[in-house]
Amino acid sequence: MFANMNLGISNLPSTPAAAVPAVQTSSLSTHQSNQAASGPETEPQIRKPKASAQLNRWSRARAVRSGRKLDRSIHRDDTAAEEVPSAHSRETTSPVSSPTAVGGGEEVGAEVRKAKSIYMVSDGTGWTAEHAVNAALGQFDYCLIDRGCPVNTHLFSAIDDSEGLMKIVMQAAKEDAMLVYTLADPSMAFYAKKACKIWGVPSTDILGPITEAISSHLGVTPSGIPRGAPGRSSHLTEEYFQRIEAIEFTIKQDDGALPENLHRADIVLAGVSRTGKTPLSTYLAHKGYKVANVPIVKGLVLPKTLFEIDPEKVFGLTINPVVLQTIRRARAKSLGFSEEVRSNYSEMDYVRQELEYAGRVFAQNPIWPVIGEYRELKCLKLRNLI
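Described in the following lines is the structure provided in the data block. Since we're looking at a predicted model, the values are computed, not measured.

This part is about the environment of proline 321. Its place among the elements puts proline 321 in helix 11 (residues 321–335). Owing to a relative accessible area of 18%, proline 321 belongs among the buried residues under this scheme. The spacing of proline 321 and leucine 355 is 34 residues in sequence and 7.5 Å in space, taken between C-alpha atoms.

Take the packing of aromatic side chains next. In the structure shown here, the tally under the stated rule is 4 aromatic pairs. Consider the rings of phenylalanine 362 and tryptophan 368, whose centres lie 6.4 Å apart with planes at 65°: the pair is edge-to-face. The class for phenylalanine 362 is buried, based on a relative accessible area of 7%. Grouping aromatic residues by their ring pairs yields a cluster made of Phe307, Phe362 and Trp368. In this structure, lysine 290 is placed above the aromatic ring of phenylalanine 249, and the distance from its NZ or CZ to the ring centre is 6.0 Å.

Take aspartate 123: it is sitting in the loop between strand 2 (116–122) and helix 3 (127–137). Engagement of the side chain of aspartate 123 in a polar contact is seen with the backbone nitrogen of alanine 184, the distance being 2.7 Å. In this structure, aspartate 123 is in contact with Ala158, Ile159, Thr182, Leu183, Ala184, Asp185 and Pro226, ignoring residues within four places of it in sequence.

Turning our eyes to something else, we now look at a nonpolar patch on the surface. On the surface, a cluster of nonpolar side chains totalling about 380 Å² of accessible area is made up of Ile210, Ile214, Leu218 and Val220. Mapped onto the elements, leucine 218 comes out in helix 7 (residues 207–218). A relative accessible area of 54% means that leucine 218 is categorised as exposed.

Time to look at the pairing of strand 7 (residues 291–295). The buried fraction of strand 7 is high, at 4 of 5 residues. Of the strand pairs in this sheet, strand 6 (residues 267–271) and strand 7 are connected by 5 bridges, and their pairing is parallel. If you follow valine 268 over to strand 7, its bridge partner there is alanine 292. Assessed by its sense of winding, the connection that carries the chain from strand 6 through helix 9 (residues 277–286) to strand 7 is right-handed.

The next point concerns the pairing of strand 6. Within strand 6, 5 of the 5 residues are buried, leaving the element largely enclosed by the surrounding structure. Alternating residues of strand 6 divide into Ile267, Leu269 and Gly271 and Val268 and Ala270, and every residue in both groups is buried. In terms of strand pairing, strand 6 meets strand 8 (residues 314–317) through 4 bridges, oriented parallel. Its bridge partner being in strand 8, glycine 271 is matched across the sheet by leucine 317.

Thresholds applied
- Residues numbered from 1 in each chain as written.
- Predicted model: local features only at pLDDT ≥ 70, side-chain atom pairs only at ≥ 80, totals over all residues.
- Heavy atoms only, no water.
- Helix = DSSP H or I, 4+ residues; strand = E, 2+ residues; numbered from the N terminus.
- Buried < 20%, exposed > 50% of the residue type's maximum accessible area, 1.4 Å probe, protein only.
- Phe/Tyr/Trp six-rings, centres within 6.5 Å; stacked < 30°, edge-to-face > 60°.
- Lys NZ or Arg CZ within 6 Å of the ring centre and 35° of its normal.
- Polar contact = N/O pair within 3.5 Å; in protein donor to acceptor, adjacent residues only side chain to side chain.
- Contact = heavy atoms within 4.5 Å.
- Patch = residues over 30% accessible without salt bridge, like charges linked within 9 Å, V, L, I, M, F, W, Y side chains within 5 Å.
- Areas by Shrake-Rupley, 256 points an atom, 1.4 Å probe, with all protein chains shown as cover.
- Salt bridge = Lys/Arg side-chain N within 4 Å of Asp/Glu carboxyl O.
- Pairing = 2+ DSSP bridges.
- Right-handed = clockwise from strand over helix to strand, strands pointing away.

Written out as structure tokens, the structure reads:
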């Protein structure tokens, strides 16, 4: 089965000897390299966050779910690190992934545990593996944001040969990492499973089980060819370009920009600040809708074009005043607003007045559906309405 592979299962080493260099997932800056060459090593300066500890925890939790790389300072010896051969590799760090990430204005005395690593391997872009892992990590926010179970995630994309895969497995064994893979080629998936078993690496095949289930249900055999590989039809379809156009339009129309273009929008969202207009616009744009959003601000006149366009494509957004006040206070504090500006923006009296003003606008335009649930429910309800 693996006769054409560069490295067969029968040739796998039986024990994880120190034969593989460490994965290089981050590098020192030019300034740090010059400093190391000219003088003794010094401890890297940890930048203290300006926001409160609670806001930091919220930010880290969102980062874990979205896969965004967190800023941190790590000092590594480049001479001892060699990158695993792959077309692309990327590291994403969950909160407090290493001891050097501790101390920047965080709570004193919190227990710090060594970060566990999760390797994500794909023969394509790695989008499926990365989003599956991030979705699963979202179930552990209570643990991740309080340093109970820090995690590092490493993405290796475009892995299409057994030699590169073997080196990643060996490195995972060395770092006591878990390996998650989406490999369309059944022989590569089998190789990954076998290699992980030999080296004692816990592994999960994300793509294989569902592909086999669909194959059985349809009664046909899967191609086993990764998306984007030669021989596959291009994913750059007309629908793809329409979606890109919708995203570009939505970005340009954010927060009331270019009101003269409202007639070109498929959907127009109107609401006071922090009711979720931009997140909803972005979500719908990725579904192919051209979306514009218009802020409703007490004391400011709304653009005339908002009332001249087809009213059936305008949607009003509202929210509970207590929830809105909480969101605005956190936002104002993170942006460093002065006390005077913060009072006008997030005090309950002002919040209620602005919501009442928006309510009067909605009442004057009864055709506009008004959505008032939380953002996830807004997405679902809005999709049902359109």
